[in-house]
Amino acid sequence: MLQLKNYVRILLVVYLSSCVCSQYQRKGKRNWQKPPLTSAVPLTDEDHEKHLAPLIRKGWMVDRNISVAKMKKDFIFRSFFGAFGFMSHIAMFCEETNHFPEWFNVYKVVKISLSTKHIKTLSQRDITLANYIEQVVGIYQNI
């Protein structure tokens, strides 16, 4: 029974990842020009209030005590399958937007850290990625 349950989980993760891939290809994004890295602009104080506050309420932490400001959050899933499916889903969005997280995965835990390294602070790109992550995480937390 346990093997069948794991097999179903694997199939679900593969199916969800393939849906994301086919959606990505249907949009004609394969030859799409990625936004240049120089398009990132640091967040203003007003942006911090407007965009960071909702993410902080959802558990994101902002670390400004280091050379590069970062947003961090840990996600815990029911299984490795859910964690890996989640990471695969986010990877497609990151490739499309040319903005990549630092992340660490052990078994069912995914630790994500977001920052815009070339401007050494947070930008709208980090906010966009964090909001996308929050939209997607619910799909995979019960797999």
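My aim in this report is to walk through the structure given alongside it, one point at a time. (Residues numbered from 1 in each chain as written. Predicted model: local features only at pLDDT ≥ 70, side-chain atom pairs only at ≥ 80, totals over all residues. Heavy atoms only, no water.)

Quick look at the packing of helix α2 (residues 45-57) against helix α4 (residues 124-140)
- Between α2 and α4, the least distance of the axes is 11 Å, while the angle of their chain directions is 35°. Judged by the sense of rotation from one axis to the other, the crossing of α2 with α4 is left-handed. Judged by residue contacts, His51, Leu52 and Leu55 of α2 engage Gln124, Ile127, Ala130, Asn131 and Glu134 from α4.
- A per-class count over the contact of α2 with α4 returns four nonpolar, three polar and one charged. (Axes fitted to C-alpha atoms, helices over the stretch in contact; angles between N-to-C directions. Helix = DSSP H or I, 4+ residues; strand = E, 2+ residues; numbered from the N terminus. Left-handed = near helix turned anticlockwise from the far one by under 90°. Contact = heavy atoms within 4.5 Å. Nonpolar A, V, L, I, M, F, W, Y, C, P; charged D, E, K, R; others polar.)

What about the environment of threonine 128?
- Among the structural elements, threonine 128 can be located in helix α4.
- By relative accessible area, threonine 128 is classed as partly exposed at 36%.
- In this structure, the C-alpha to C-alpha distance between threonine 128 and threonine 97, residues 31 residues apart in sequence, is 9.6 Å. (Buried < 20%, exposed > 50% of the residue type's maximum accessible area, 1.4 Å probe, protein only.)

As for the environment of threonine 121
- Along the chain, the position of threonine 121 falls in the loop between β4 (109-114) and α4.
- Classification of threonine 121 by relative accessible area gives partly exposed; the value is 23%.
- For the pair threonine 121 and proline 42, spaced 79 residues apart in sequence, the C-alpha separation works out to 6.4 Å.
- Those residues within four positions of threonine 121 in sequence are excluded, and the remaining contacts are Pro42, Val68, Ala69, Ser115, Thr116 and Asp126.

A few points about the sheet that holds strand β3 (residues 102-106)
- Strand order in the open sheet formed by four strands is β1-β2-β4-β3, with antiparallel pairing between adjacent strands. Edge positions in the sheet fall to β1 (61-63) and β3, since each has one partner strand and no second. Between one strand and the next, the sheet's axes are offset by a mean angle of 20°, whatever the strand orientation.
- Relative to β4, β3 runs antiparallel, the two sharing five bridges. Bridge pairing in β4 links asparagine 105 to valine 110.
- Taken strand by strand, helix α3 (residues 80-97) contacts β2 (70-76), β3 and β4, and its axis lies near 160° from that of β3. (Pairing = 2+ DSSP bridges.)

Regarding the packing of aromatic side chains
- Going through the model one piece at a time under the given rule, you end up with five aromatic pairs.
- Taken together, a centroid distance of 5.4 Å and an interplanar angle of 45° make the contact between phenylalanine 75 and phenylalanine 86 tilted. In this pair, phenylalanine 75 sits in strand β2 while phenylalanine 86 sits in helix α3, placing the two residues 11 residues apart along the sequence.
- On the basis of an interplanar angle of 40° and a centroid distance of 5.0 Å, the ring pair of phenylalanine 77 and phenylalanine 86 is categorised as tilted.
- Phenylalanine 77 gets classed as buried once you look at its relative accessible area, which sits at 2%. (Phe/Tyr/Trp six-rings, centres within 6.5 Å; stacked < 30°, edge-to-face > 60°.)

With respect to the nonpolar core
- Counting residues in hydrophobic clusters, the biggest one holds 27 residues, and the most contacted among them are Trp60, Met71 and Phe86.
- Contributing elements (two or more residues each) for this core: α2, β2, α3, β4 and α4.
- No other element matches α4, which puts eight residues into this core.
- Those residues within four positions of phenylalanine 86 in sequence are excluded, and the remaining contacts are Phe75, Phe77, Val110, Ile112, Ile133, Val136, Val137 and Tyr140. (Core = buried A, V, L, I, M, F, W, Y, C linked by side-chain atoms within 4.5 Å.)

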